[in-house]
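Next come the chains, spelled out residue by residue.
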Amino acid sequence: VLGRLIGDLGVELAHRLAAVRSIADQVEAHQARIAGKRLRYVLEPLASKIEGAPAIIARLKALQDGLGRLHDAHVFAAYLARALQIAAAEQARRVSRELLAWAAPEAEAREAAPGEDDPRLGLVALAQRLREEAETAYAELKSVWLDAGSASLLGEVASLSQRLTAEPAVSVGAEPPGAF
């Protein structure tokens, strides 16, 4: 049963990794990360009892780290986009108040107070830095795992699956050979 489950999870991981084709494939990359976690979580409790499992687990962790870096960049990009929208709306309100103060004398035009300077420049700088980080994370992921780099890991998983599936099951309560 464990052998078949490992085999199925390995096939799922292979399909999910094949779906990651660009830096923009955030859903696909996240699904690949989850598929790797599922396989790892099945192997971890029995790793000490299964030859080769600890090495596979270590490689799955490295794959998850690479996929996680890309996922984190996507998540942070969404936060930055929202912050830029808020900053742009606030800047538009401030400019409209200042430009149209003559139409509403009770709304006096004023200079921005210290700390009220437009935050968009800082947010744009963060966005550029985040893009660089995401591009680096994707390039590493692509070269190490996506461009046939996962073939050896997936081969090890398939081999482990076949080995476990082929091993004869031990029946509960059976006496070991030579026992009385």
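For the structure, check the block above.
Predicted model only: the values in this text are computed from it and were never measured.

### Quick word on the packing of helix H2 (residues 26-43) against helix H3 (residues 53-99)
Part 1 of the reasoning: Put simply, H2 and H3 touch, their axes get as near as 9 Å, and they point 155° apart. When the interaxial angle is binned, H2 and H3 end up roughly antiparallel. The way H2 lies across H3 gives a crossing that is left-handed. Residues Gln 26, Ala 29, His 30, Ala 32, Arg 33, Gly 36, Lys 37, Leu 39, Arg 40 and Leu 43 of H2 touch H3, and the partners they reach there are Ala 53, Ile 56, Ile 57, Leu 60, Lys 61, Gln 64, Leu 67, Gly 68, Leu 70, His 71 and His 74.
Part 2 of the reasoning: Residue composition of the contact of H2 with H3, by class: 10 nonpolar, seven polar and four charged.

### Some details on the environment of Val 124
Part 1 of the reasoning: Within the secondary structure, Val 124 is located in helix H4 (residues 120-146).
Part 2 of the reasoning: We classify Val 124 as partly exposed; its relative accessible area is 38%.
Part 3 of the reasoning: Separated by 40 residues in the primary sequence, Val 124 and Leu 84 have C-alpha atoms spaced 7.9 Å apart.

### Things to note about a nonpolar patch on the surface
Part 1 of the reasoning: On the surface, Val 95, Leu 99, Leu 100 and Trp 102 cluster together into a nonpolar patch covering about 460 Å² of accessible area.
Part 2 of the reasoning: Looking at Leu 99, the relative accessible area reads 60%, which means it is exposed.

### Considering the packing of helix H1 (residues 2-18) against helix H5 (residues 151-166)
Part 1 of the reasoning: Two numbers describe how H1 lies on H5: the axes approach to 7 Å, and their chain directions differ by 160°. The orientation of H1 relative to H5 falls into the category roughly antiparallel. Relative to H5, the crossing made by H1 is left-handed. On H5, the residues touching Leu 2, Gly 3, Arg 4, Ile 6, Gly 7, Gly 10, Leu 13 and Ala 14 of H1 are Leu 154, Val 157, Leu 160, Ser 161, Leu 164 and Thr 165.
Part 2 of the reasoning: Its residues assigned to classes, the contact of H1 with H5 comprises eight nonpolar, five polar and one charged.

The rules behind these values
Residues numbered from 1 in each chain as written. Predicted model: local features only at pLDDT ≥ 70, side-chain atom pairs only at ≥ 80, totals over all residues. Heavy atoms only, no water. Axes fitted to C-alpha atoms, helices over the stretch in contact; angles between N-to-C directions. Helix = DSSP H or I, 4+ residues; strand = E, 2+ residues; numbered from the N terminus. Parallel < 35°, antiparallel > 145°, perpendicular 65-115°, else oblique. Left-handed = near helix turned anticlockwise from the far one by under 90°. Contact = heavy atoms within 4.5 Å. Nonpolar A, V, L, I, M, F, W, Y, C, P; charged D, E, K, R; others polar. Buried < 20%, exposed > 50% of the residue type's maximum accessible area, 1.4 Å probe, protein only. Patch = residues over 30% accessible without salt bridge, like charges linked within 9 Å, V, L, I, M, F, W, Y side chains within 5 Å. Areas by Shrake-Rupley, 256 points an atom, 1.4 Å probe, with all protein chains shown as cover. Salt bridge = Lys/Arg side-chain N within 4 Å of Asp/Glu carboxyl O.

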